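Structural features, examined
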Amino acid sequence: MKRLEAAQRGLTARIPRLILCFCVLQPLLDILAFWKDALGIPALVLTILRFLTFAGLTGMGFLVSRRKRRYIYLAVFALLYLAGHSLAASRMGYLAPFEDLTDQLRVLMLFFTTAAMMSFLDRSERAFWVMESGLMLALGIMAAAVGLSILTGTDPHTYLGKQTGVLGWFLWPNSQSAILSMLTPLSIAWCLKRFRGRVLPVAVVASGCFCLLFLLGTRLAFVCIPVLGGGMAVCIWLADRKAKGCALAVLLAAALFTALYPVSPMREALRKSAENSVVLQQRIDDAAQAQGAAPGAERTENLDALAAAYRYNLQGIVDRFGLERTARVYDFTLKRSEIFDDRRKKRVFNELLMEDAGALSRWFGLEVSRMSQQTELYDFYADEWEPGVEYFAAENDLHGVFYSGGWVLLAGTLSWMLWYGVRALLALIRRGKEVFNVFFAAHCGAYCVFFVFAYATNSVLRQTRNIFCVSAVLAGLWYLSRRGEEKPGPGEEDSV
C-alpha cells in the first residue's frame, strides 16, 4: 500500500512532464507512420506503439485519479459492449477477430484517454498550461514537417491524383485537417496569454495556423479559416477589450488567407474535380449507350446498361449484393453525381450489410472485415480497371461508429461527446463572467470543430492519431467549465 501511495505521489509530481511528452509524441508517431515503408517498419509495430501509448496514458491517469470509479464504469461499459459486439460478429462468422478488436478500441480509447487527461488536470495546477504549451509544440512539429516536405520535394499532396494541396509527412488529409483546425484556436489563445497580448506574436501564430490550413487545401480546412478567425477575434475582444489589437490581427490574418481563395489549392482541386466530372459522365453515357440505353437518359431499367455504368464505381456493391439489388437502391440511375458519390456508396454498402446481418448487429455493429470486397477498381487517369480490394468504411464518423458499433456504441459515444458541451454551456449561462476567457472560447471553438469533422468526415473518432488531440480538447473544456479561471503563463508561479 505504501509503495502504491509513493508511486501515486511520484506520478502526480511528474504530471506536467508526462503531458508534455504525450503531446510531442503524437506528431512524431504520425511522421514515423508516414516514413514506415521507407524505413522498413511493419504497420503492426506502429499499431502496437499507438496502443501502448494510450494504455500508458490511461494507466497513469487511473493511478493519480481521485475518481477511480469513473474508470470502472467505463471499463464495465466497454466490456459489456465488446461482449455484445463479439456475439453479433460471431453469429455471422468471425473473419478477423484481432483486426476487429483493434478497430473497436480506436473508438473506445476516446473514453479512457479523456478520463485520464481529466485526472491529470484535476491533480496538477500546472497541467492545464503545460497541456496548452504541449499542443502548441505539437503544432510547431507539424509545421516543421510540412516545411521540410516542401523543401525536400517529399510532400505527397493532399489530392494525389490532382497533384495539389500540401499534406506534409502525414498520411490522411481529413485527419490532418481536423487536427490543424482544432489546434488553431488553442494556439491563438496560448500565444495571447504567453506573450501578454502583444500583437506581433499573435499575428505570426494566427497567420501560421491559417497558412497551414490554406496549404492543406481540404474544403473544411479552408472554411475553418474565416470561421475560426472571425470567432476568435470576437472572443478575444469580448474577453479583454484592451486586446482589440490582437483581435484585429487575427481577423486580418483570416481575411487575408480567405481572400487568397482564387489561388488556393482547394479551388484548384475543385476545378479539376469539375473537369473530371464531365469526362466521367461521358464515359458512363458511352458505356450505357453501347448496351442499349437511350442517349441522354438519366435512368434506365436495362440491366446490361446499368452493369456497364456501375462498373466505374459501384462494382464492389454489385459483386457483394448483386446488380438488381444495387440498381433498386440507386433507383436505376445513370447520373455521375450519384454513381460517384463515395459517401453514399459506402453508406449503401453498410446498410445492405446491416439488412443481411439482423437485429443484433444493429445494436452492436458489424465486423470491420466485412466492410470490404474483392472487386475491380477503376483508375480514372489510366481509364482502366485492375483487381483489388475496396474498403467501405463510412466517410463520416457518426455513421461509421453506428456501422461498426451499432446503436449501443453510437449512443454511448454521442452521450460522452455531448456531456462536455452541455456542461460548458450551463457553466457559461450560470457563471458567464467567471467562466468566459480566451482559453474557454478556444476550447469551445475546437469542440465545435471536432463535432463538424465527426459529422462530415471519418477523421476524429476512428483515427488513433486524432484521439489525443480530441481528448485534450474535451478535458480542457471540462476543466475550464469547472474552474472558470485562467491558468498563469510562463514567468508566473505556475510556469513550466
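For the structure itself, consult the block above.
Here the structure is a predicted model, which is why all the values come from computation and not from measurement.

**What about the side chain of N437?**
If you trace the backbone, N437 turns up in the loop between α20 (432-435) and α21 (438-456). Here F440 takes part through its backbone nitrogen, which lies 2.8 Å from a polar atom of the side chain of N437.

**Looking at the packing of aromatic side chains**
Under the definition given, this model contains 29 aromatic pairs. Here the aromatic rings of W419 and Y420 are separated by 4.9 Å at their centres, their planes lie at 85°, and the arrangement is edge-to-face. Put simply, the rings of F128, W129, W190, F195, F439 and Y479 pair up and form one aromatic cluster. Positioned above the aromatic ring of F195, the side-chain terminus of R194 is 5.1 Å from the ring centre. Geometry around W237 places R241 over its ring, the cationic atom sitting 4.0 Å from the centre.

**Describing the state of the cysteines**
What is meant by a disulfide is a covalent connection between two cysteines, made through their sulfur atoms. Applying the stated criterion across every chain yields a total of zero disulfides. Take C21: it sits in no disulfide, and the sulfur closest to it among the cysteines is that of C23, at 9.3 Å.

**Brief notes about the nonpolar core**
Grouped together as the largest cluster of nonpolar side chains are 150 residues, with contacts concentrated most on M182, F210, I236 and Y310. Contact partners of Y310, with chain neighbours within four places excluded, come to Q315, V318, L323, T326, A327, Y330, F332, T333 and I339.

**Digging into helix α19 (residues 397-430)**
Over its 34 residues, α19 runs only 32 Å from end to end, short of the ideal 50 Å by more than 12%, given 1.5 Å per residue. At G406, α19 shows its largest bend, some 130°.

Thresholds, definitions, all that
Residues numbered from 1 in each chain as written. Predicted model: local features only at pLDDT ≥ 70, side-chain atom pairs only at ≥ 80, totals over all residues. Heavy atoms only, no water. Helix = DSSP H or I, 4+ residues; strand = E, 2+ residues; numbered from the N terminus. Polar contact = N/O pair within 3.5 Å; in protein donor to acceptor, adjacent residues only side chain to side chain. Phe/Tyr/Trp six-rings, centres within 6.5 Å; stacked < 30°, edge-to-face > 60°. Lys NZ or Arg CZ within 6 Å of the ring centre and 35° of its normal. Disulfide = S-S within 2.5 Å. Core = buried A, V, L, I, M, F, W, Y, C linked by side-chain atoms within 4.5 Å. Buried < 20%, exposed > 50% of the residue type's maximum accessible area, 1.4 Å probe, protein only. Contact = heavy atoms within 4.5 Å. Expected span 1.5 Å × (residues − 1). Bend = angle between axes of the 7 residues up to and from the residue.

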